[in-house]
Amino acid sequence: MRKMLAAVSRVLSGAAQKPASRVLVASRNFANDATFEIKKCDLHRLEEGPPVTTVLTREDGLKYYRMMQTVRRMELKADQLYKQKIIRGFCHLCDGQEACCVGLEAGINPTDHLITAYRAHGFTFTRGLSVREILAELTGRRGGCAKGKGGSMHMYAKNFYGGNGIVGAQVPLGAGIALACKYNGKDEVCLTLYGDGAANQGQIFEAYNMAALWKLPCIFICENNRYGMGTSVERAAASTDYYKRGDFIPGLRVDGMDILCVREATRFAAAYCRSGKGPILMELQTYRYHGHSMSDPGVSYRTREEIQEVRSKSDPIMLLKDRMVNSNLASVEELKEIDVEVRQGVSSSSSFGTQITLPPV
Amino acid sequence: MAAVSVTAGRLLRLRAAGAEGYWRRLRGTGLARSFLQPASAGEDAAQTRQVAHFTFQPDPETREYGQTQKMNLFQSITSALDNSLAKDPTAVIFGEDVAFGGVFRCTVGLRDKYGKDRVFNTPLCEQGIVGFGIGIAVTGATAIAEIQFADYIFPAFDQIVNEAAKYRYRSGDLFNCGSLTIRSPWGCVGHGALYHSQSPEAFFAHCPGIKVVIPRSPFQAKGLLLSCIEDKNPCIFFEPKILYRAAVEQVPVEPYNIPLSQAEVIQEGSDVTLVAWGTQVHVIREVAAMAQEKLGVSCEIIDLRTIIPWDVDTVCKSVIKTGRLLISHEAPLTGGFASEISSTVQEECFLNLEAPISRVCGYDTPFPHIFEPFYIPDKWKCYDALRKMINY
């Protein structure tokens, strides 16, 4: 059935397109899915972890690619708008960390809950808001998701609780949401994210204790991008094994630059929580290309070579693209087309975002 | 500024319609004048840069303390810290990112000069920072802790209020943490929004056992900070972050002290007393000039400097002379420190008052992002309140 639908859609897409390259693309036979090996996760207090192989369908692959590319383009557009002083205040960008937001979303249901800190634009998108609403919010316009009053750090959506400025403060909140999930009995989980800097805040440990004591369906997720503002993890933490810091809470360390690894780990963690075993901790090892915020060039505490190395070897979008092309799930041209579409989409969203009206006082 | 003037226009129409009672405080052409920039500035939507709501007015240079050097606020802080670490071998500076110089450059060069065991970073844990600082101070060493923004001081609130403030009292003076000073950037900055603009002095004013000090300028900052560090009580020193670069003055290179709990009468006058602290002092200075020019009213300006324990005598003496008092601060109106001053002054000087005491403060809302120009108690709001007092 799926093969038939795919064939039909290929024919239709081939028929509708004008550029010759599209017709060429449509006539190729792509694989429907491919199996990939993913990195084994380090485990803490767990007998077994997520699987080391996973199946990626062409459809999912294209979806993830498009989503990650959209987040990337949106963040770069925000960078541009900030430099033009159209976005003001504080702006924390997550380019480089796309596999985290897209991968997490791929592993949960839209009815699950998510809360994070201020590097939240990617999550706002994956949780369902449009680029237009996000950019309008960043520029303080009424069409923004928080009516222009929240700005970069305070974006909210259904089952997405922001967007929180105070470091670490969102973690006890996430534990509370998990309590509500358990209480409502709808088999939902709460993803509670925080960074490597926040991992040293006292209230995180208070939340760990409560979640474990009451067996709350809370997935604590430490997005370790190696730097808390300008401080590297080695200089801030006595133990940089963030996945073990929950002590009595089982944990796993995940390659946060590989979207498939993130997805599998999230599925594993969500299943763990839904089975009533209590909270679990995931550390996503990832990297941000930009500095901490737009006021931080990001090169005074790390070398440009380091950033370049990550970009060339571990860029999440590149990794997915290579996988898909090499397994014949998609062609380079097709993905380039998606790039172009995404670029245009973000561009038109941003011009919309800068033109609509300011919120009333 | 086109975008802002559009909103200002809408606001004036709102007022005309009598729609928003809350905005009745904003009256008259004053609001429009501060936001309607010349037409040329309005054209380019990309250049919506705000003009600051004040102009820093430096004090005349003083030769009293020896040679002076041109310094801005963060440099004067660095100078004070440098003097402290040089004089006091037990002094240590710690906080988030202080080692490389701090996010506002207040500790630049100190680690190189005094070593990494005297100037060091802490992890991201405000409660831990202050608790740790109290511990250092209790042993007798001088602890200078930095909280990166005053908005982040709240995890440490328990440590400050329950531990630091009560240590001497509860141990019957056996122990104390008087050698603890907490420094923190404070106040609005133009783009800070909810969590980089707060002025939390009122929360701490309610706590006996600590001192809270806020300077208005580099010269004041160095003297007051040195006094805080040497004071035998735990002190919180809030630094107006908008002045870090904007305020430049001649500041003595050598250490000097400005006494705590002493307000300063910056300008003498006979008709109205204006009280403020920090950045707001410069706003009321302009208001005083406007009042003199437009209304022929002579204002006495007082910089409170120390919030607690505050200089009741200076303020009351002034109000007895003038009969009118206006207090202004960025922090929200309800429960702001102006309410304490107002209450005490009416107790002490009731029969001297010619008009109700006026408080021009921020609104009772979280500190807004794009609405900041409307939120802050700018010179127009203060001038308007002053006019009402005169005509009472």
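Residues numbered from 1 in each chain as written. Chains lettered and ligands numbered in written order. Predicted model: local features only at pLDDT ≥ 70, side-chain atom pairs only at ≥ 80, totals over all residues. Heavy atoms only, no water.

**Student:** Any details on the sheet that holds strand β4 (residues 113-115) of chain A? Residues and values, ideally.
**Tutor:** Residue and element names in this part refer to chain A. Pairing within the open sheet is mixed, and its 6 strands lie in the order β2-β9-β10-β6-β5-β4. With partners counted over all chains shown, the strands left at the sheet margins are β2 (42-44) and β4, one partner each. If you compare each strand with its neighbour and ignore which way they point, the axes differ by 20° on average. Most of the contacts of helix α7 (residues 170-184) go to strand β5 (residues 190-195), to which it runs at about 170°, and overall it touches β4, β5 and β6 (218-224). Contacts from helix α10 (residues 259-274) reach β6, β9 (251-255) and β10 (280-285), with the element oriented near 170° to β10. (Pairing = 2+ DSSP bridges. Helix = DSSP H or I, 4+ residues; strand = E, 2+ residues; numbered from the N terminus. Axes fitted to C-alpha atoms, helices over the stretch in contact; angles between N-to-C directions. Contact = heavy atoms within 4.5 Å.)

**Student:** If you had to explain the domain arrangement of chain B to someone new, which residues and values would you point to?
**Tutor:** Residues and elements named next belong to chain B. For chain B, the assigned domains are domain 1 (66-252) and domain 2 (264-391). Between the C-alpha centres of domain 1 and domain 2 the distance comes to 26 Å. Across the boundary between the two partners, domain 1 contributes 28 residues, which contact 26 residues of domain 2. Note on domain 1 versus domain 2: buried area summed over both sides is about 2000 Å², and carbon and sulfur give 59% of it. By the criterion of area lost to domain 2, the three top residues of domain 1 are Cys188, Ile214 and Arg216, representing 29% of everything that side buries. Put simply, domain 1 and domain 2 have 2 salt bridges between them. Note that Asp303 and Arg216 form a salt bridge whose closest N and O atoms lie 2.7 Å from each other. (Domains from an automatic or database assignment. Buried area = accessible area lost by both parts, 1.4 Å probe. Salt bridge = Lys/Arg side-chain N within 4 Å of Asp/Glu carboxyl O.)

**Student:** Describe the packing of helix α3 (residues 58-83) of chain A against helix α4 (residues 98-107) of chain A, with residues and values.
**Tutor:** Residues and elements named next belong to chain A. Direction vectors running N to C along α3 and α4 enclose 140°, while the axes themselves pass 9 Å from each other. Judged on the interaxial angle alone, α4 and α3 are oblique. In this structure, the crossing between α3 and α4 has a hand that is right-handed. Note on element contacts: α4 touches α3 through Glu98, Ala99, Cys101, Val102 and Ala106, opposite Tyr64, Met67, Met68, Val71 and Arg72. When its residues are assigned to classes, the contact of α3 with α4 shows 8 nonpolar, no polar and 2 charged. (Parallel < 35°, antiparallel > 145°, perpendicular 65-115°, else oblique. Left-handed = near helix turned anticlockwise from the far one by under 90°. Nonpolar A, V, L, I, M, F, W, Y, C, P; charged D, E, K, R; others polar.)

**Student:** Could you give me a rundown of the UniProt feature "domain: Transketolase-like pyrimidine-binding" (unreviewed entry) in chain B, with the residues and numbers involved?
**Tutor:** Summarizing the sequence annotation, UniProt attributes the feature "domain: Transketolase-like pyrimidine-binding" (unreviewed entry) to residues 71-246 of chain B in the numbering used throughout. In the segment residues 71-246 of chain B, helix accounts for 38% and strand for 16%; the C-alpha atoms at its two ends are 10 Å apart. (UniProt positions renumbered as here; feature names shortened; annotations may be inferred.)

**Student:** How would you sum up the pairing of β10 of chain A? Please name residues and give values.
**Tutor:** All names here are of chain A. Judged by how many residues are buried, β10 sits mostly within the fold: 5 of 6 residues are covered. Summarising the sheet, β6 and β10 pair through 6 bridges and their orientation is parallel. Note on β10: the bridge partner recorded for Ile219 is Ile280. (Buried < 20%, exposed > 50% of the residue type's maximum accessible area, 1.4 Å probe, protein only.)

**Student:** An account of the environment of Leu213 of chain A is needed here, citing residue identities and associated values.
**Tutor:** Along the chain, the position of Leu213 of chain A falls in helix α8 (residues 202-213). Spatially, the C-alpha atoms of Leu213 of chain A and Arg132 of chain A are 42 Å apart, while their sequence positions differ by 81 residues.

**Student:** I'd like a description of helix α10 (residues 218-230) of chain B, backed by residues and values.
**Tutor:** All names here are of chain B. With 13 residues, α10 should reach 18 Å at 1.5 Å per residue; the first-to-last C-alpha distance of 18 Å fits that figure. By the criterion of burial, α10 is predominantly enclosed, with 12 of the 13 residues buried. Those residues of α10 not exposed but buried are Pro218, Phe219, Gln220, Ala221, Lys222, Gly223, Leu224, Leu225, Leu226, Ser227, Cys228 and Ile229. (Expected span 1.5 Å × (residues − 1).)

**Student:** For the side chain of Gln97 of chain A, give the residues involved together with the corresponding values.
**Tutor:** All names here are of chain A. Structurally, Gln97 is set in the loop between α3 and α4. Of the residues examined, Gln97 reaches a relative accessible area of 2% and is grouped as buried. Polar contacts involving the side chain of Gln97 include one to the side chain of Asn225, which spans 2.8 Å. For Gln97, the residues in contact, after removing those within four places along its chain, are Arg119, Glu223, Asn225, Thr286, Tyr287 and Arg288. (Polar contact = N/O pair within 3.5 Å; in protein donor to acceptor, adjacent residues only side chain to side chain.)

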